[in-house]
Amino acid sequence: MSFRNRLVLAGAGGPVSLSIPLEEGRGQRKMTKDVRIANRYSWQSQHWKTIVSCYNRSPWFEFYRDELESLYSRQVNFLVDWNMACWEWTIRQLGWSTSISLTTQPVEKIEVTEWLDLRNEVLPKNIHQRFRSPVLYRQVFEDRTGFLPHCSILDLLCCEGKNARALLKAN
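As the structure is a computational prediction, the values presented were derived from the model and not from experiment.

Describing the nonpolar core
Among the nonpolar cores identified, the biggest contains 37 residues, and L9, I51, Y55, F61 and W82 are the most heavily contacted of them. Those elements giving two or more residues to this core turn out to be β1 (6-11), α1 (43-55), α2 (61-73), α3 (79-94) and α6 (153-160). Here this core gets 6 residues from one element, more than from any other, and that element is α1.

Printed below as a string of structure tokens:
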């Protein structure tokens, strides 16, 4: 289980986990570039409705709404294409400039002097141990649920907007 097809939002009743349905299910042992999204399910519509429900009252949602809605209405067949579209949107919102390259073959061992390899380090089952001090900010339903750590970057952006960059840098 990984984050490659899921995100966690802060909802009125607590954490809301959204996952993208995959062809061949979740136990696939293949490169992300080869993982197909099961578009026979209306996951994008369901995800969008949940995002609106969770963040419609957030201070910055209106600022991001149109672009997010466009992103969630785009037909995507491969998980890597979805992840890259989300990555590019996020980087643009944070005002970061960074380059990214994709591998074409599985990489068993990463040269640790050049890269930080977190492939098996940051997983849903261990994120609370790996990152004990999450970025703190005011969430939409915090008065009901308390602060929910380790939510998606979307939560941080909808709640903090342009200040998200400074919060991430400080942490």
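Observations concerning the packing of aromatic side chains
Tallied over the entire structure, the rule returns 8 aromatic pairs. When the centroid spacing of 5.1 Å and the interplanar angle of 90 degrees are considered together, the rings of W43 and W82 count as edge-to-face. Pair noted here: W43 is in helix α1 and W82 is in helix α3, with a separation of 39 residues, a long-range link. In this structure, W43 and W82 share a single accessibility class: buried. For the pair W60 and F63, a centre-to-centre distance of 5.4 Å together with 90 degrees between the ring planes defines the contact as edge-to-face. Among the aromatic residues, those joined into a ring-pair cluster are W43, W48, F61, Y72 and W82.

Some words on the layout of surface pockets
In this structure, the second largest pocket occupies an estimated 190 Å³ of space. Contributing to the lining of the second largest pocket are F3, R6, V8, P15, S17, P124, I127, H128, L148, P149, H150 and C151. Secondary-structure elements contributing two or more residues to the lining of the second largest pocket are β1, β2 (14-19) and α4 (127-130). For the lining of the second largest pocket, a count of residues per class yields 8 nonpolar, 3 polar and 1 charged.

Quick word on the state of the cysteines
For the structure on display, the rule yields 0 disulfides. As a non-bridged cysteine, C54 has C151 as the owner of its nearest cysteine sulfur, 9.0 Å distant. Of all cysteine sulfurs in the structure, the one in C159 sits closest to C158, which takes part in no disulfide; the separation is 6.7 Å. Among the residues examined, C158 registers a relative accessible area of 0% and is labelled buried.

Notes on the pattern of salt bridges
In this structure the tally under the stated criterion is 5 salt bridges. Between D34 and K33 there is a salt bridge, and its shortest N-O distance comes to 3.0 Å. The residue E142 makes a salt bridge to R138 at a minimum N-O spacing of 3.6 Å. Here E142 falls in the partly exposed class, since its relative accessible area comes to 23%. In this structure R138 comes out as exposed when scored by relative accessible area, which is 52%.

Parameters at a glance
Residues numbered from 1 in each chain as written. Predicted model: local features only at pLDDT ≥ 70, side-chain atom pairs only at ≥ 80, totals over all residues. Heavy atoms only, no water. Core = buried A, V, L, I, M, F, W, Y, C linked by side-chain atoms within 4.5 Å. Buried < 20%, exposed > 50% of the residue type's maximum accessible area, 1.4 Å probe, protein only. Helix = DSSP H or I, 4+ residues; strand = E, 2+ residues; numbered from the N terminus. Phe/Tyr/Trp six-rings, centres within 6.5 Å; stacked < 30°, edge-to-face > 60°. 1 Å grid on protein atoms, 1.4 Å probe; cavity = no way out; pocket = protein on both sides within 12 Å on 5 of 7 lines; lining within 4 Å. Points joined across faces, edges and corners; volume = space filled by probe spheres on them. Nonpolar A, V, L, I, M, F, W, Y, C, P; charged D, E, K, R; others polar. Disulfide = S-S within 2.5 Å. Salt bridge = Lys/Arg side-chain N within 4 Å of Asp/Glu carboxyl O.

Function-wise, these values are silent; they only describe arrangement.
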